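# A structural walkthrough
Below are the chains, spelled out letter by letter.
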Amino acid sequence: EAQAQNPRMAKIGFDGKENRLGWTLANLNWILDTPEGQEQVKQVIEDGQAIRAKYKYAIFCGMGGSGLSVQVVKTTFGQEQVKNYSLRTTDPQVIKDILNEIVAELAQEEGSLKSALEQTLVIPISKSGTTQETVSHKNYFEALFSRFSIDAKEHMWVITDKGSPMDTGDYPQREIQLNGKGDIGGRFTSPTTRIFLLPLSIISPEKVRDILRIARQMN
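All values derive from a computational prediction rather than experimental measurement.

## Re the layout of surface pockets
- When its volume is computed, the second largest pocket comes out at roughly 180 Å³.
- In this structure, the second largest pocket is lined by 16 residues; those nearest its centre are M63, S66, S126, K127 and G186.
- Of the residues contributing to the lining of the second largest pocket, the split by class is five nonpolar, 10 polar and one charged.

Right, dumping it as structure tokens:
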């Protein structure tokens, strides 16, 4: 259909033989105008509420567009009940700085690394489930939780395509795309995927539908 309407759009929208046109207006229309799309938006907002009710910190581990989408939300909308972090490097010092900042914030509550981890949700993000940096983040935090006898299953979600190597059933899994498809590349993760909408739901759930409507109007 896209090729018939706009051959050039179709050409740039394919990665080899794989369709990468999921970022187009048709996806926004599905999210905003269909019962299934509205149900998915509701689920994202409910996930944000669940995270706010249980954790004080959320560390999103994602590379490229995945990490930048989280950072855009954080920079644009600030922090409220839950503080979001965008971990998009394997630099040990950056990881240490994030954990030290959380510990310092909890200092008045006799903050320690264990107490910081007990109030933190870690969310690795990888479409393929094989992104080396993200897999290393996941492994690192699993080992860290284990070191302090904290059940990682209570402190980790994964955002990945269904059936990817990261979708093992060990942790709550959320699809990257609300429609469950795999046709959005990393650079287009804002504003219609969970990579953008989940951190937004944590910080400002009332803005989720507005942002989607504005995106459609701009398109």
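## Description of the nonpolar core
- Judged by nonpolar contacts, the single largest core of 24 residues is most densely connected at I59, L87, L99, I102, L117, F141 and F145.
- At the level of secondary structure, the elements contributing two or more residues to this core comprise β3 (57-61), β4 (83-87), α6 (92-105), α7 (113-118) and α8 (132-147).
- Setting aside its immediate chain neighbours within four residues, L99 contacts I59, L113, L117, Y140, F141 and L144.
- By size, the runner-up hydrophobic cluster in this structure holds 16 residues, among which are V73, L197, I203 and A215.

## Quick word on the packing of aromatic side chains
- Per the counting criterion, the structure on display carries two aromatic pairs.
- Between Y140 and F141 the ring centres are 5.2 Å apart and the planes differ by 85°, which places this aromatic pair in the edge-to-face class.
- One Lys or Arg, R174, reaches over the ring of W157 and ends 4.8 Å from the middle of that ring.

## Description of the pairing of strand β5 (residues 120-124)
- Summarising burial for β5: five of the five residues are buried, a large majority.
- What you see with β5 is no split at all: T120, V122 and P124 on one side and L121 and I123 on the other are buried throughout.
- Relative to β5, β3 runs parallel, the two sharing five bridges. Looking at β5, one finds that Y57 is bridged to T120.

## Regarding unusual backbone geometry
- Look at the link from S190 to P191: it is a cis peptide, with omega at 0°.
- Relative to the assigned elements, P191 resides in the loop between β7 (173-174) and α9 (194-203).

## Overview of the sheet that holds β4
- Reading across from one edge, β4-β3-β5 is the order of the three strands in this open sheet, with parallel pairing throughout. With partners counted over all chains shown, the strands left at the sheet margins are β4 and β5, one partner each. Ignoring strand direction, the axes of neighbouring strands in this sheet form an average angle of 20°.
- With respect to the sheet, α6 is in contact with β3, β4 and β5, its orientation differing from that of β4 by roughly 170°.
- This element, α8, spans β3, β4 and β5 of the sheet and lies at about 150° to β5.

## Observations concerning the pattern of salt bridges
- As enumerated under the stated definition, the model contains nine salt bridges in all.
- Note that D33 and R216 form a salt bridge whose closest N and O atoms lie 2.7 Å from each other. One end of the pair, D33, is in helix α3 (residues 25-33); the other, R216, is in helix α10 (residues 208-218), and 183 residues separate them in sequence.
- Residue class for R216 comes out partly exposed when judged on its relative accessible area of 27%.
- Here E105 makes a salt bridge to K83, at a shortest N to O gap of 2.8 Å.

## So, the packing of α9 against α10
- The interhelical angle for the contact between α9 and α10, taken along N-to-C directions, is 140°, at an axis separation of 10 Å. Here α9 lies oblique to α10, going by the angle between them. Only V208, I211 and L212 of α10 make contact with α9, whose side of the interface consists of F196, L197, L200 and S201.
- The class makeup of the residues in the contact of α9 with α10 is six nonpolar, one polar and no charged.

Conventions and cut-offs
- Residues numbered from 1 in each chain as written.
- Predicted model: local features only at pLDDT ≥ 70, side-chain atom pairs only at ≥ 80, totals over all residues.
- Heavy atoms only, no water.
- 1 Å grid on protein atoms, 1.4 Å probe; cavity = no way out; pocket = protein on both sides within 12 Å on 5 of 7 lines; lining within 4 Å.
- Points joined across faces, edges and corners; volume = space filled by probe spheres on them.
- Nonpolar A, V, L, I, M, F, W, Y, C, P; charged D, E, K, R; others polar.
- Core = buried A, V, L, I, M, F, W, Y, C linked by side-chain atoms within 4.5 Å.
- Buried < 20%, exposed > 50% of the residue type's maximum accessible area, 1.4 Å probe, protein only.
- Helix = DSSP H or I, 4+ residues; strand = E, 2+ residues; numbered from the N terminus.
- Contact = heavy atoms within 4.5 Å.
- Phe/Tyr/Trp six-rings, centres within 6.5 Å; stacked < 30°, edge-to-face > 60°.
- Lys NZ or Arg CZ within 6 Å of the ring centre and 35° of its normal.
- Pairing = 2+ DSSP bridges.
- Axes fitted to C-alpha atoms, helices over the stretch in contact; angles between N-to-C directions.
- Salt bridge = Lys/Arg side-chain N within 4 Å of Asp/Glu carboxyl O.
- Parallel < 35°, antiparallel > 145°, perpendicular 65-115°, else oblique.

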